[in-house]
Amino acid sequence: MRFYFLLACCLAISSAFYLPGVAPREWLEGEPVQIKVNSIKSTKTAIPYDFYSIMVCRPEGIGKSNKVKAEAENMGEILWGDSIKPSLYAAHMGVNVTCRRLCNPRTYDAKEMQAFQKRIEEGYRGHLILDNLPVSEVFTQKIKGFRSFMLGYPLGTPKTTGKQKKSKLPLPVVPVTILNNHLALTIKYNRPEDLVTSSTKGFRIVGFHVVAHSYKHDETTCVMDDRKNVGWFPKPGNPVTVEDKDPVVWSYSITWLKDEALGWGSRWDPYLESAETDAKIHWFSIVNSLLIMLFLSGMVAMILLRSLHKDFNRYNDPDNADEAQEETGWKLVHGDVFRTPENPSILATYIGTGCQLLGMALITIFFALLGFLSPANRGGLLTAVLLLFILLGSYAGYVTARLCKMFRCHSWQNIFMVGTFFPGQVFVVFFAMDMMLWGKHASNAVPATTMLALLALWLCVSLPLVFVGAIVGYKRPTIEPPVTVNPMPRHIPEQRWYMRPPFTILMAGILPFGAAFIELFFILSSLWLNRFYYVFGFLALVFIILSITCAEITIVMVYFQLCYEDYRWWWRAFVYAGSSGLYLFLYSLQYLASTLNMTSVASITLYLSYMLVLSYGLFVVTGTVGFLSSLFFVRYIYSALKVD
């Protein structure tokens, strides 16, 4: 296990992990600084497209298709849909540009303008990158002076009538869709103190912001000699619309501002200020989760210290033989409580996969707390999750083998199932969505070579590791029950309505979900609203509280079930806490209706499919925590019981 952990660390570091602020670059005055473009993205569709899929100025491509070649990307960037490519924006360190044309004026026909209009009405935003910093718009509240940042810039202003369903305030009327053809770029820089006294005359870039304008140029504006453009500014009132027949002039301006207050190591802080302003909400989430955990802890303590202690004294007291012979409650089923459950191989497969996912989540959060998975490392988080899941296949095989030996169903077919059951289900959904994205020509459509690489990692790395872990697990001694199992199963009395599986399962999942649902809002916002999530400290606390809550609620429910002489606890211990995954999916439906503004069938299908996978994963992880804690609890109480 230590070997795979160290190997995962090495692979993560080799995939360009680095702590923010470790590797700054100095730029000499007048040195060219490359501005790159990334995919255009929209929160209304969740389907990113290549930047040059819209007909803007582009550099010369390669081959017959004249396609602009993207930079080398890691696995996470490809899966996330990032497509970083060079651009025609020219910047030089410290050199202001009043106005510069990106290329010669371009004429668009009606079909091309309709494509522009569609992307603008769908809310797509363009994205630029400078020195690994994403461009953003800056908004300042007049009352509190708080600054918020929105990644990218709008491609234009859609046509509006002044009314909107989800807005109570009147909106300005825009009779025709407006196209933003001018970008006013602001680049912040400074010269750090450690370079002031040295011979190096370099500067560091600490900010990259944009304001998008729509301005209809003429022959006298934005000329080749930038000295003649001094004093020019894109004044409102003369926008470029999609109905114009005249050629469109694409232009930009660059303003360099010196900012001594913002250091290179903290240049990402403004992008994360929104997370800091929500700190009160995060703390409310922690307090809410702690209250739920304390409530359950009180119930578990009451069971262990009062009910079980009283039962132990009554059952194990040699002077109370007459009462001990009248067995009631959970002692009555001691000969059946460790009877092999139905479909033991599937249950063992789920628990093995859950341990794999749980280990993946814990190690990922650990590295995130250390700062290795900062937003500066694009695709790093997704790459780490993928690599850790593959390497921890050995752990899944080990746990499954131990459980299969305990259930007396050990076979290599079960080990093969743990390596293919859950990953195969996820891959089917992923492949179906990828085919849909290929049909949409989306930038996050996984290429065939990457798909083959994923299959190779699954079948040639993860699956063999599952068998390696199973070999070790099968060599370990069998986990024996602390009491003897009766040859004939005991009759289970008819259960009352509130102890029947549908009701108990649905009730048990509410508390684990309630311990984490506030933090889930921020996680979903980072996934679907193109925001950064970097409060991994809060996430670690919520994850710990969630795990404790799952363990406690499952122990309570299993204890009550055994007290009612129902010994079929194996599967229910897994499903009790796992039902929180059902509530996550229901919450995702509410989030779709209240927060997101998706209207197309493809976008909604994509959202529901990926949320179904996430809910399924949460079901497996929380169910595994509940099962293992219940197994420990049941073994503990029956091993402490004296049975004749």
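These numbers were taken from a predicted model, which means no experiment stands behind them.

### Overview of the side chain of Ser-462
If you trace the backbone, Ser-462 turns up in helix H12 (residues 448–475). Its relative accessible area of 4% is what places Ser-462 among the buried residues. In contact with Ser-462, other than residues within four places in its own chain, are Gln-356, Phe-389, Ile-390, Gly-393 and Leu-457.

### Quick look at the pattern of salt bridges
Enumeration over the complete set of coordinates arrives at 14 salt bridges. Among the salt bridges present, the one from Asp-82 reaches Lys-41, with a minimum N-O distance of 2.8 Å. One end of the pair, Asp-82, is in the loop between helix H2 (75–80) and strand E2 (85–92); the other, Lys-41, is in strand E1 (residues 32–41), with 41 residues separating them in the sequence. Each member of the pair, Asp-82 as well as Lys-41, is classed as buried. Two residues, Glu-260 and Lys-258, come together in a salt bridge whose shortest N-O distance is 3.5 Å. Salt bridges linked by common partners bring Asp-566, Arg-568 and Arg-572 together as one network.

### A closer look at the state of the cysteines
Under the defined criterion, the tally for this structure stands at two disulfides. What pairs with Cys-57 in a disulfide is Cys-103, and their sulfur atoms sit 1.7 Å apart. Taking the sign of the S-S torsion, about -45° here, the bridge from Cys-57 to Cys-103 comes out left-handed. Taken together, the residues span a long stretch of sequence, with Cys-57 in the loop between E1 and H2 and Cys-103 in the loop between strand E3 (97–101) and helix H3 (110–121) at a distance of 46 residues. Residue classification places Cys-103 among the partly exposed residues on the basis of a relative accessible area of 22%. Residue pairing for Cys-99: its cysteine sulfur links by disulfide to Cys-222, the two sulfurs lying 2.0 Å apart. As the torsion about the S-S bond is roughly -100°, the Cys-99-Cys-222 disulfide counts as left-handed. Taken together, the positions of Cys-99 in strand E3 and Cys-222 in the loop between strand E12 (204–213) and strand E13 (240–241) put the pair 123 residues apart, joining distant regions of the chain.

What counts as what
Residues numbered from 1 in each chain as written. Predicted model: local features only at pLDDT ≥ 70, side-chain atom pairs only at ≥ 80, totals over all residues. Heavy atoms only, no water. Helix = DSSP H or I, 4+ residues; strand = E, 2+ residues; numbered from the N terminus. Buried < 20%, exposed > 50% of the residue type's maximum accessible area, 1.4 Å probe, protein only. Contact = heavy atoms within 4.5 Å. Salt bridge = Lys/Arg side-chain N within 4 Å of Asp/Glu carboxyl O. Disulfide = S-S within 2.5 Å.

That's the geometry; what it means functionally is another story.
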